[in-house]
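Per-entry structural report
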Amino acid sequence: MSSSVTSSMPPARPADLHETLQRFRQSARWKPLEYLFWCLPVAAYFLFPGNYLLLSQIAVTSLFALSLDLIFGYAGIISLGHAAFFGVGAYTVGLLGLQGMGDPLTGLLLAAVCAAILGFFSSFLLLRGSDLARLMVTLGVALMLYELANKFSSITGGVDGIPGIEIKPILGLFAFDLYGRTGYVYAVVVLFVLFWVARRIVHSPFGQSLRGIQMNAQRMPALGVPVNHRLVAVYTLGAAYAGVAGAVLAQTNQFVSLSVLGFENSADLLLILILGGTGRLYGGLIGAIVFIVAKHFLSDMNPQYWQFWLGLALVLLVMFARGGILGTAAKWQEARRQKARNRQQEGRA
């Protein structure tokens, strides 16, 4: 099968291969707008000194959205139960804190491992079904974990959660303060490091193979790509990222509630990713910023009906900007470039 498919494909010319390699390398380079984007958290630290808790929530949600973008935006695995890994990471830190093991970095590592183990074993269930079956499987795993956490209240605290988690200073030097200043810097640093790792992954041959699987999974084996192994790997990676996000939330808030495993977390996360744009890495980050800021201001302006206005904005976005914020911006930019090319061609003619 693979030999017949590859033999029917025309051989690539060296010039075409060189051009493709050059474009691949250029896409992996950092753009000026990316440097500007990562200056925003630094500016926010000085411009909004009284909103460190809100800023920390944005950073945590951005990391959570990034974890879903890895599996949905790049591998095409849609999930309605991503909160399961988020909650596992949060409860891992909470239970470690109760045992006096409140080192932040150790908590991040163990949260990532526990969430990755759950993601690894649950990923095999996703390989057997279609998109609808995957939705049901991911939702079912999250619902089961929610009920288990509610049932074993002697361990998880049930609806009361785990309050008063003892988190030690970062590297023994930087203690978490009441105003959330240290927590915000910590959350942003973790977000940036994991974003840098995710960026390297998606611009690697592994990331390109995920793109190919999303476009046409049936043809990828002909190119020597083990589809199932790739899907298991990226799903495990996305689960680990979500576990770290949950761990950072528990460490900065020093509290874990049953809501971290709730369905609303998964649903809001999917909305955030669609809002920003899938398969772009920055889509989840921008979507998290817009969603949380809009939610914050709308709930202050209209506490009773803020969900109506937020829902209306999402409906309008789906109707007029189906690619999300970044997708729409990319289309506008491409349209401007096309107009410029047409003008050049008309001028030459």
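Residues numbered from 1 in each chain as written. Predicted model: local features only at pLDDT ≥ 70, side-chain atom pairs only at ≥ 80, totals over all residues. Heavy atoms only, no water.

Turning our attention to the overall build of the protein chain. For the protein chain, the count of helices and strands is 15 helices and zero strands. At 22 Å, the protein chain has a C-alpha radius of gyration in line with the 20 Å of a compact globule built from 349 residues. Its C-alpha atoms give the protein chain principal-axis dimensions of roughly 70 × 50 × 40 Å. Here the protein chain holds 349 residues, and 43% of them are scored as buried. In the protein chain, 80% of the contacts between residues at least 6 apart in sequence involve partners at least 24 apart. Roughly 19400 Å² of accessible area belongs to the protein chain as shown, and the carbon and sulfur atoms make up 65% of that amount. Within the protein chain, one finds 25 positive and 15 negative side-chain charges whose respective centroids are separated by 13 Å. (Helix = DSSP H or I, 4+ residues; strand = E, 2+ residues; numbered from the N terminus. Rg over C-alpha atoms; globule rule 2.2 N^0.38 Å. Buried < 20%, exposed > 50% of the residue type's maximum accessible area, 1.4 Å probe, protein only. Contact = heavy atoms within 4.5 Å. Areas by Shrake-Rupley, 256 points an atom, 1.4 Å probe, with all protein chains shown as cover. Lys, Arg positive; Asp, Glu negative; His and termini not counted. Charge placed at Lys NZ, Arg CZ, Asp CG, Glu CD.)

Okay, the pattern of salt bridges next. Applying the stated rule across the entire model yields two salt bridges. Its salt-bridge partner being Arg 199, residue Glu 34 comes within 2.9 Å of it at the nearest N-O pair. Of the two residues, Glu 34 is situated in helix α3 (residues 32-47) and Arg 199 in helix α9 (residues 181-202); the sequence distance between them amounts to 165 residues. Overall, Glu 34 belongs to the buried group, its relative accessible area being 9%. We classify Arg 199 as buried; its relative accessible area is 5%. (Salt bridge = Lys/Arg side-chain N within 4 Å of Asp/Glu carboxyl O.)

Turning to the packing of aromatic side chains, a few remarks are in order. Centre distance and the angle of the planes are the two values used to describe a pair of aromatic rings. Taken as a whole, this structure holds 18 aromatic pairs when the rule is applied. Note on Tyr 45 and Phe 46: the rings are 5.1 Å apart at their centroids and 85 degrees apart in plane angle, and the pair reads as edge-to-face. Relative accessible area serves as the criterion here: at 23%, Tyr 45 is assigned to the partly exposed category. The exposure class assigned to Phe 46 is exposed, which follows from its relative accessible area of 61%. Each member of the aromatic cluster is reached from another via a ring pair, and the members are Trp 30, Tyr 35, Phe 37, Trp 38, Phe 192, Phe 195 and Tyr 282. (Phe/Tyr/Trp six-rings, centres within 6.5 Å; stacked < 30°, edge-to-face > 60°.)

Time to look at the side chain of Arg 134. With respect to the helices and strands, the residue Arg 134 is situated in helix α7 (residues 131-151). Here the side chain of Arg 134 touches Leu 126 through a polar contact of 3.0 Å, landing on its backbone oxygen. (Polar contact = N/O pair within 3.5 Å; in protein donor to acceptor, adjacent residues only side chain to side chain.)

Here the focus is the packing of helix α5 (residues 83-98) against helix α6 (residues 104-126). At a minimum axis distance of 8 Å, the contact between α5 and α6 shows a crossing angle of 140 degrees. The orientation of α5 relative to α6 falls into the category oblique. For the crossing formed where α5 meets α6, the hand is right-handed. Along its contact with α5, which presents Ala 84, Phe 85, Val 88, Gly 89, Thr 92, Val 93 and Leu 96, the element α6 presents Gly 107, Leu 110, Ala 111, Cys 114, Ala 115, Leu 118, Gly 119 and Ser 122. (Axes fitted to C-alpha atoms, helices over the stretch in contact; angles between N-to-C directions. Parallel < 35°, antiparallel > 145°, perpendicular 65-115°, else oblique. Left-handed = near helix turned anticlockwise from the far one by under 90°.)

It is worth spelling out α7 at this point. For α7, which comprises 21 residues, the first-to-last C-alpha distance of 30 Å matches the rise-based estimate of 30 Å (1.5 Å per residue) to within 8%. Looking at α7, one finds that the buried residues are Arg 134, Leu 135, Thr 138, Leu 139, Val 141, Ala 142 and Ala 149. What you see down the axis of α7 is that its buried residues fit within an arc of 150 degrees, all on one side. Every exposed residue of α7 that faces more than 90 degrees away from the buried side is listed here: Leu 132, Met 144 and Lys 151. Lining the buried residues of α7 we find α5, α6, α8 (153-156), α11 (227-253) and α12 (263-276). (Expected span 1.5 Å × (residues − 1). Arc of directions from axis to C-beta.)

Before going further, it helps to examine the environment of Gly 73. Its place among the elements puts Gly 73 in the loop between α4 (52-72) and α5. Those residues in contact with Gly 73 that sit more than four places away from it in its chain are Leu 68, Arg 211, Gln 214, Thr 278 and Gly 279.

A cluster of basic side chains, namely Arg 211, Arg 280, Arg 322 and Lys 331, defines a positive patch on the protein surface. Examined against the element boundaries, Arg 211 turns out to sit in helix α10 (residues 205-215). (Patch = residues over 30% accessible without salt bridge, like charges linked within 9 Å, V, L, I, M, F, W, Y side chains within 5 Å.)

Next up on the list: unusual backbone geometry. Not every positive phi belongs to a glycine, and Leu 171 is a case in point at roughly 55 degrees. Secondary-structure assignment places Leu 171 in the loop between α8 and α9. Judged by relative accessible area, which is 60%, Leu 171 ranks as exposed. With a phi close to 55 degrees, Gln 254 is a non-glycine residue in the positive phi region. Residue position: Gln 254 is located in the loop between α11 and α12. On the accessibility criterion, Gln 254 (27% relative accessible area) is partly exposed.

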